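Reading the structure
One-letter residues, chain by chain:
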Amino acid sequence: MENHKKKRTGPVIFSQYKRGDAIKKLLSMSREDVLFELKDSKLKGRGGAGFPTSTKWMLTAAAKADRKFLVCNADEGEPGTFKDRVLLIEFPELVFDGMVVGGYTVGAQLGIVYLRGEYEYLLKPLEDYLAEMRKDNLLGKNILGKEGFDFDIEIFLGSGAYVCGEETALIESLEGHRGEPRNRPPYPINTGFLGRPTSVNNVETLAAVTHIVIKGGKWFSEFGTSQSSGSKLFSVSGDCEKPGVYELPWGTKVSELLKIVEAKNTKAVQIGGASGHCIPKSQFGRALAYEDIPTGGSIMIFDESRDMLHVLKNFMEFFLDESCGQCTPCRIGNHKLLEGVEMIERNEYTFAHINKLKDLGRTMQVASKCGLGQSSPNPFISILENFKDEIFTRGNGGRNGK
Ligand SMILES: Cc1cc2nc3c(=O)[nH]c(=O)nc-3n(C[C@H](O)[C@H](O)[C@H](O)COP(=O)(O)O)c2cc1C
Ligand code: SF4
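From a predicted model like this one, the values you see are computed outputs, not experimental measurements. (Residues numbered from 1 in each chain as written. Chains lettered and ligands numbered in written order. Predicted model: local features only at pLDDT ≥ 70, side-chain atom pairs only at ≥ 80, totals over all residues.)

With that settled, the discussion passes to the overall build of the protein chain. If you tally the helices and strands in the protein chain, you get 16 helices and nine strands. For a compact globule of 402 residues, the expected C-alpha radius of gyration is about 21 Å, and the protein chain comes in at 22 Å, within 12% of that figure. Projected onto the principal axes, the alpha-carbon positions of the protein chain cover approximately 75 × 45 × 35 Å. With 402 residues in all, the protein chain has 48% of them scored as buried. Long-range pairs, those at least 24 residues apart, make up 72% of the contacts in the protein chain with a sequence separation of at least 6. (Helix = DSSP H or I, 4+ residues; strand = E, 2+ residues; numbered from the N terminus. Rg over C-alpha atoms; globule rule 2.2 N^0.38 Å. Buried ≥ 20, exposed ≤ 12 C-beta atoms within 10 Å, placed from the backbone. Contact = placed C-beta atoms within 7 Å.)

Right, let's get into the sheet that holds strand E6 (residues 244–249). Taken in spatial order, the five strands of this open sheet run E6-E5-E9-E7-E8, and their pairing is mixed. Across the chains shown, the open sheet's two edge strands, defined by having one partner strand only, are E6 and strand E8 (277–280). Averaged over all adjacent pairs, the angle separating strand axes in this sheet is 30 degrees, with direction ignored. With five bridges joining them, strand E7 (residues 266–271) and strand E9 (residues 298–303) adopt antiparallel strand pairing. What sits directly across from Gln 270, in E9, is Met 300. (Pairing = 2+ DSSP bridges. Axes fitted to C-alpha atoms, helices over the stretch in contact; angles between N-to-C directions.)

Around ligand 2, 14 residues are found, and the nearest of them are Cys 324, Cys 327, Cys 330, Cys 370 and Gly 373. Elements represented by at least two residues in the shell around ligand 2 include exactly helix H12 (328–345) and helix H14 (371–375). Here the residues of the shell around ligand 2 are counted per class, giving seven nonpolar, five polar and two charged. (Near = placed C-beta within 6 Å. Nonpolar A, V, L, I, M, F, W, Y, C, P; charged D, E, K, R; others polar.)

Here we take up the site of ligand 1. In the region of ligand 1, 24 residues are neighbours, and Gly 45, Gly 47, Gly 165, Asn 202 and Gly 371 sit closest. Of all the secondary structure elements, the ones that give two or more residues to the shell around ligand 1 are strand E4 (198–202) and H14. Ranked by the residues each element gives to the shell around ligand 1, the list is headed by E4, at three residues. Within the shell around ligand 1, the residues separate by chemical class into seven nonpolar, ten polar and seven charged. Counting contributing residues, the shell around ligand 1 receives three or more from each of domain 1 (2–221) and domain 3 (308–391). (Domains from an automatic or database assignment.)

Here we come to the nonpolar core. The biggest cluster of nonpolar side chains holds 105 residues, and the ones touching the most others in it are Val 71, Cys 72, Val 95, Tyr 114 and Ala 207. The biggest single contributor to this core is helix H5 (residues 92–106), with eight residues. (Core = buried A, V, L, I, M, F, W, Y, C linked by C-beta atoms within 7 Å.)

Read across the open sheet, the four strands follow the order E3-E2-E1-E4; overall the sheet is parallel. Strands at the two margins of the open sheet, each flanked by one partner only, are strand E3 (152–157) and E4. In this sheet, neighbouring strand axes are inclined to one another by 25 degrees on average, regardless of whether the strands run parallel or antiparallel.

A few words on unusual backbone geometry. Following Arg 184, the chain continues into Pro 185 via a peptide bond in cis, with omega recorded as -5 degrees. Here Pro 185 is to be found in the loop between helix H7 (167–174) and E4. Residue Pro 186 is reached from Pro 185 by a cis peptide bond, and omega for that bond is 0 degrees. Mapped onto the fold, Pro 186 is located in the loop between H7 and E4. Unusually for a residue other than glycine, Asn 137 sits at a positive phi of about 60 degrees. Along the chain, the position of Asn 137 falls in the loop between helix H6 (123–135) and E3. When the 16 C-beta atoms within 10 Å are taken as the criterion, Asn 137 is described as partly exposed.

It is worth spelling out the packing of H12 against helix H13 (residues 351–367) at this point. The interhelical angle for the contact between H12 and H13, taken along N-to-C directions, is 155 degrees, at an axis separation of 10 Å. The angle between the axes of H12 and H13 places the two elements in the roughly antiparallel class. When the axes of H12 and H13 are compared, the crossing they make is left-handed. Contacts from Pro 329, Cys 330, Gly 333, Lys 336, Leu 337 and Gly 340 of H12 reach H13 at Ile 354, Leu 357, Leu 360, Gly 361, Thr 363, Met 364 and Ala 367. In terms of residue class, the contact of H12 with H13 is built from eight nonpolar, four polar and one charged. (Parallel < 35°, antiparallel > 145°, perpendicular 65-115°, else oblique. Left-handed = near helix turned anticlockwise from the far one by under 90°.)

Moving on: H5. In a regular helix each residue adds 1.5 Å, so 15 residues correspond to 21 Å; H5 covers 21 Å between its end C-alpha atoms and thus fits that length. Counting buried positions along H5 yields 15 of 15 residues, so the element is predominantly enclosed. At the C-terminal side of H5, Gly 107 shows a positive phi close to 90 degrees. (Expected span 1.5 Å × (residues − 1).)

Close reading of the predicted structure is inappropriate where its pLDDT is low. Chain-level pLDDT for the protein chain is 94 on average; 96% of the residues reach the 70-or-more range. In this model, residues 1–7 is a region of pLDDT below 50 whose contacts with residues beyond four sequence positions or in other chains number seven contacts. (pLDDT = per-residue confidence, 0-100.)

This next bit is on the pairing of strand E2 (residues 110–115). The buried fraction of E2 amounts to five of the six residues, a majority that puts the element mostly inside the structure. Examined bridge by bridge, strand E1 (residues 69–74) and E2 share six bridges and lie parallel to one another. The residue of E2 that forms the bridge with Asn 73 is Tyr 114. Relative to E3, E2 runs parallel, the two sharing six bridges. Across the sheet, residue Tyr 114 finds its bridge partner in E3, namely Phe 156.

Listed below in structure tokens is the structure:
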């Protein structure tokens with residue numbers, strides 16, 4: 001891992017940390033102490049849905065079972081997202097120590113990293129790193145000499161399906177089945193991997209936990225806003241001079257971020273990946289925060305040279321490819337939305353039909369079984385609404401101009 005390390009500092013996630021320190025601190029903390037700090041931190045899961053981590057761990061800890069599991073969701077399949085990869089390569093100590101904290105808190109003895117199939121090249125260095133942790137007794141039996149503190153970590157390689165990032169599809173895949181989302185409830189915190197209570201946490205969430213154990217929940221909550229505490233990693237790509245992974249406090253305005261990454265002539269910013277929302281210049285004053293524009297961290301920048309219909313088509317083709325096909329709104333709906341985009345492309349549409357497709361999109365948002373189909377209409381609706389002047393003046397304004 002040492003070769004990959006860059007000197008990088010940041011206020012929260014990228015701040016200094018030494019491997020094992022959070023695990024040592026656990027020796028003097030009870031499970032309740034950890035839950036108290038997490039509650040104080042107001043940390044919300046960084047995988048996209050923003051569920052409070054303290055609540056998830058408290059519920060998993062309270063569930064009765066012979067075995068429990070902690071899963072680190074490193075599937076990172078959302079287009080435009082690469083911050084978890086950076087954490088795993090450059091800061092594995094934050095992620096793995098956070099998993100040990102999680103195992104201790106929920107009462108799991110096994111942690112599993114579900115690693116994105118395309119990150120196969122990380123498998124060997126990460127396994128070597130885990131072997132070093134075992135040598136230092138930071139994993140294994142009686143960790144750091146504490147009787148009964150047993151926890152180990154295994155890595156499971158995914159096969160490249162976006163839907164397997166959804167926690168119940170991920171669990172199906174871990175069990176050796178097709179990666180298809182389950183009905184919820186029951187939730188993984190009660191019935192997860194092998195039918196046992198399982199907490200599924202994003203890579204960045206676990207990294208944040210490590211710092212919270214060391215510096216306290218109050219320290220963490222002083223960054224960000226009252227409803228979005230701490231800082232966030234953003235994967236920035238597209239039309240800018242300085243793409244990359246940035247740590248910024250929640251509440252940062254889109255315009256501020258564009259300045260930091262030196263984006264010029266920006267026409268649109270897609271926030272939250274393909275399943276997120278696309279905003280025009282008039283909305284660049286909005287804030288990246290749960291209370292304004294929530295995001296798992298993907299920021300794609302498009303300048304004036306980009307064709308927004310082409311951008312939209314690209315996203316819809318992605319969803320059509322990635323839908324698992326299990327439920328009708330998503331399986332058929334994405335197909336219909338893509339057809340609509342192609343009709344606009346050929347200038348063979350009517351506004352009545354496009355409005356019907358937007359209604360279909362709103363139905364998919366409520367009727368689809370999992371987050372993929374619930375969010376895939378977002379770019380269709382937001383790009384057609386926010387960029388209508390560009391998109392609907394491409395040809396003659398529609399076949400019949402209606
Ligand atoms: C289609 C789809 C893909 C997802 N992909 C990921 C992913 O790659 N990584 C991730 O952490 N969460 C992903 N999620 C969210 C997970 O289901 C889950 O909410 C998350 O792992 C919980 O971790 P957190 O509480 O730390 O945010 C995805 C959800 C959906 C619907
Ligand atoms: S919404 Fe899409 S991805 Fe999710 S279960 Fe239904 S068909 Fe599968």
